Amino acid sequence: MPSVYCESCGFKSEIKKGKPMPKKCQYCDSKGTVKPVKTAQDLLDEVSRLK
Ligand SMILES: [Zn+2]
């Protein structure tokens, strides 16, 4: 399940596959702070890019 979180308040929510990212946080109402939650694979990819 794809998940997103708010960088401002840390609120996490799930979005359905194929749906766009929410434009604003449904908890704190901040705009542009909702980002995808990083998966273990994302972190591995970041590490491999640093080499
Ligand atoms: Zn928020």
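Scroll up a little and you will see the structure.
Scoring rules and cut-offs
- Residues numbered from 1 in each chain as written.
- Predicted model: local features only at pLDDT ≥ 70, side-chain atom pairs only at ≥ 80, totals over all residues.
- Pairing = 2+ DSSP bridges.
- Helix = DSSP H or I, 4+ residues; strand = E, 2+ residues; numbered from the N terminus.
- Axes fitted to C-alpha atoms, helices over the stretch in contact; angles between N-to-C directions.
- Buried ≥ 20, exposed ≤ 12 C-beta atoms within 10 Å, placed from the backbone.

## So, the sheet that holds strand β3 (residues 34–36)
- One open sheet holds the three strands; their spatial order is β2-β1-β3, and the pairing between them is antiparallel. One side of each edge strand has no neighbouring strand; the edge strands of this open sheet are β2 (12–14) and β3. If you compare each strand with its neighbour and ignore which way they point, the axes differ by 35° on average.
- As paired strands, strand β1 (residues 3–6) and β2 are joined by three bridges and run antiparallel to one another. Following the sheet pairing, V4 is matched in β2 by S13.

## Comments concerning the pairing of β1
- Turn length for the β1-β2 hairpin, with the two strands adjacent in sequence and antiparallel, is five residues, and the turn residue G10 shows positive phi of about 85°.
- As paired strands, β1 and β3 are joined by three bridges and run antiparallel to one another. Directly across from C6, in β3, lies its bridge partner V34.

## Details of the environment of E14
- Looking at the element boundaries, E14 is found in strand β2.
- In sequence terms E14 and V4 are ten residues apart; their C-alpha atoms lie 6.0 Å from each other.

## Some thoughts on the environment of F11
- With respect to the secondary-structure elements, F11 resides in the loop between β1 and β2.
- By C-beta crowding, F11 is classed as partly exposed, having 16 other C-beta atoms within 10 Å.

## Some remarks on unusual backbone geometry
- Of note in the backbone geometry, D29 takes a positive phi value of approximately 70° without being a glycine.
- In this structure, D29 sits in the loop between β2 and β3.
- Taking the C-beta count within 10 Å as the criterion, D29 has 11 such neighbours and is therefore assigned exposed.

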